[in-house]
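Structural characterization, general
Listed here are the chains, written in short residue letters.
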Amino acid sequence: MTPWVRILSLVLATAAFLSGCASQTPRVAPAQQLFHDQLFQPPAAPIDTASVFALTPEMRDYVKHELGTPGPGRDVRRMLFDALYRRDKLQLEYDAALTRTAAETFAARSGNCLSLAIMTAALARELKMPVIFQQVQIDEVWSRAGNLYFASNHVNLSLGRPLAGQNPYLLTAVDVANSLTVDFIPIPPKARENARPLTEKTVLAMFLNNRAAELLSAGQVDDAYWAARQAAEADPLFINAYNTLGVIYQHHGDQAQAEAALRYAHSQLPDNTIYLSNLAQTLESANKLDEAAVLRARLAQLEPYPPFYFFVQGQEAMKLGDYARARTLFERELDRVPDYHELHFWLALANYQLGNLHAADRHLALAMENSTTRSDHDIYSAKLDHLRAYAAQLRAK
């Protein structure tokens, strides 16, 4: 079974890691006992947490010349809000490939939801505008890279007004009723109503945890460790950081350390299916099969069909040349995650093998439409052009 790491990307997609759906309030983590610095090489490029929200001169110039300063008849809060969405202003593009700092996001004009939220907060604060980060209660969205599976939650933020006579940076001093919520993906109104506020230290931990997952996915295990360690230090209550540490230890071959980190995460949120799965896998690797079986049984109760369950079966059917069965399995997975681009791509492949070029075209177009990185979008676009050229050749015969 493949290891799972939970990454919050914010769009979904890969963007930070958010703690999931548990009602328990976790205790402050005994972080130091779960860190094992001696096992890893020093980081190639330490992450400077002070840079995450820092503004560049270009960003200050943008605020000064494009947004201005508050005053009679000047709602700079609305001006910033509009600039985020209008193509003739900041021209922002969603891209889940990398979690960026505020400055990196501004320079690239793109990022995942967390990156875009951090950039927006940095600009808002330059305008002396209070912001509230929020975790939105929507279903996790899953993605994968190699043998790593990523679960993404969503973060947005609200641009508020300070209450009269109050410190504008105090969360409790914000006029929430008249705030403007900034979202970079469509969110159901009910989910937005149930959003819960996040502290800046949690947002920083999410940023670092995302970076850790991205580094791990790129094979940079040593650097991933230091980023996950920083995440746990930034907010000891952000339990996803310990799950990430556990997966990093697994990939580094440190099974005892992986078990300790994952046991800690599981003890804090015992019904979190990601922690359960990762811990069960680690126990199986240590030949602690009886204890692992208990966790697997609980996992089966909580999640009979884990993410990508039918997708993996569909891939196996494709290898066997059973394209009709593969199509059925991919469609079952798609019923659960209708917008995941890779599922549409594999459905296009299955339909192509079955000679259904119209359906293959439709799913390739949906794969391109739902892609979360510019690279994936370009790959699907090229494949769609190739398929349409082939279909045109067949019609011409």
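Given the structure is predicted, the values throughout are model-derived calculations rather than measurements. (Residues numbered from 1 in each chain as written. Predicted model: local features only at pLDDT ≥ 70, side-chain atom pairs only at ≥ 80, totals over all residues. Heavy atoms only, no water.)

Let's shift gears to the UniProt feature "repeat: TPR" (unreviewed entry) in the protein. With numbering aligned to this structure, UniProt lists the feature "repeat: TPR" (unreviewed entry) at residues 239-272. Its end C-alpha atoms 11 Å apart, residues 239-272 is made of 79% helix and 0% strand. (UniProt positions renumbered as here; feature names shortened; annotations may be inferred. Helix = DSSP H or I, 4+ residues; strand = E, 2+ residues; numbered from the N terminus.)

As a further point, take the pairing of strand S4 (residues 148-159). Most of S4 is tucked away: twelve of the twelve residues are buried. Alternating positions in S4 separate into two faces, Leu148, Phe150, Ser152, His154, Asn156 and Ser158 on one and Tyr149, Ala151, Asn153, Val155, Leu157 and Leu159 on the other, with burial throughout. In terms of strand pairing, S4 meets strand S5 (residues 180-182) through three bridges, oriented antiparallel. Its bridge partner being in S5, leucine 159 is matched across the sheet by leucine 180. (Buried < 20%, exposed > 50% of the residue type's maximum accessible area, 1.4 Å probe, protein only. Pairing = 2+ DSSP bridges.)

By the definition in use, this model includes 17 aromatic pairs. Here phenylalanine 308 and phenylalanine 311 contribute two aromatic rings whose centre-to-centre distance is 5.5 Å and whose plane-to-plane angle is 70°, an arrangement assigned as edge-to-face. Residue class for phenylalanine 311 comes out buried when judged on its relative accessible area of 0%. Ring-pair connections join several aromatic residues into one group, and the members of that group are Phe308, Phe311, Phe330, Tyr340, Phe345, Trp346 and Tyr380. A cation over a ring is seen here: arginine 109 above phenylalanine 106, with NZ or CZ 4.2 Å from the ring centre. Above the face of the phenylalanine 53 ring, arginine 125 is positioned so that its terminal group lies 5.4 Å from the ring centre. (Phe/Tyr/Trp six-rings, centres within 6.5 Å; stacked < 30°, edge-to-face > 60°. Lys NZ or Arg CZ within 6 Å of the ring centre and 35° of its normal.)

Glancing now at a nonpolar patch on the surface. Together, Tyr352, Tyr390 and Leu394 give the surface a local cluster of nonpolar side chains, amounting to about 260 Å² of exposed area. Within the fold, tyrosine 390 resides in helix H16 (residues 374-396). (Patch = residues over 30% accessible without salt bridge, like charges linked within 9 Å, V, L, I, M, F, W, Y side chains within 5 Å. Areas by Shrake-Rupley, 256 points an atom, 1.4 Å probe, with all protein chains shown as cover. Salt bridge = Lys/Arg side-chain N within 4 Å of Asp/Glu carboxyl O.)

Another point: the packing of helix H1 (residues 57-67) against helix H2 (residues 76-85). In contact at an axis separation of 11 Å, H1 and H2 are set at 115° when each is read in the N-to-C sense. One way to sum up the angle between H1 and H2 is to call them roughly perpendicular. You can see that H1 and H2 cross each other, and the crossing is right-handed. Counting all contacts with H1, which are made through Tyr62, Glu66 and Leu67, the residues of H2 involved are Val76, Met79, Leu80 and Ala83. (Axes fitted to C-alpha atoms, helices over the stretch in contact; angles between N-to-C directions. Parallel < 35°, antiparallel > 145°, perpendicular 65-115°, else oblique. Left-handed = near helix turned anticlockwise from the far one by under 90°. Contact = heavy atoms within 4.5 Å.)

Our next topic: the environment of glutamate 233. Tracing the sequence through the fold places glutamate 233 in helix H7 (residues 221-234). Sequence-wise, glutamate 233 and glutamine 32 are 201 residues apart; in three dimensions their C-alpha atoms are separated by 9.1 Å. If we ignore the near neighbours within four places in the chain, the residues touching glutamate 233 are Gln32 and Phe35.

The terminal C-alpha atoms of H7, which comprises 14 residues, lie 20 Å apart, in line with the 20 Å expected from a rise of 1.5 Å per residue. A large share of H7 lies buried, amounting to ten of its 14 residues. Where H7 is buried, its residues contact helix H6 (200-217) and helix H8 (240-252). (Expected span 1.5 Å × (residues − 1).)

In this section: the pattern of salt bridges. In total, this model carries 14 salt bridges according to the counting rule given. Here arginine 78 and aspartate 82 are joined by a salt bridge, their closest N and O atoms 3.8 Å apart. Remark: aspartate 82 and arginine 78 occur in helix H2; sequence separation between them is four residues, near one turn of the helix. Assessed through its relative accessible area of 30%, aspartate 82 is described here as partly exposed. A salt bridge links glutamate 233 to arginine 229; the shortest N-O distance between them is 2.5 Å. One end of the pair is glutamate 233 and the other is arginine 229, both in helix H7 and four residues apart, which spans about a single turn. A residue is classified by how much of its surface remains accessible, and glutamate 233, at 40% relative accessible area, is partly exposed.

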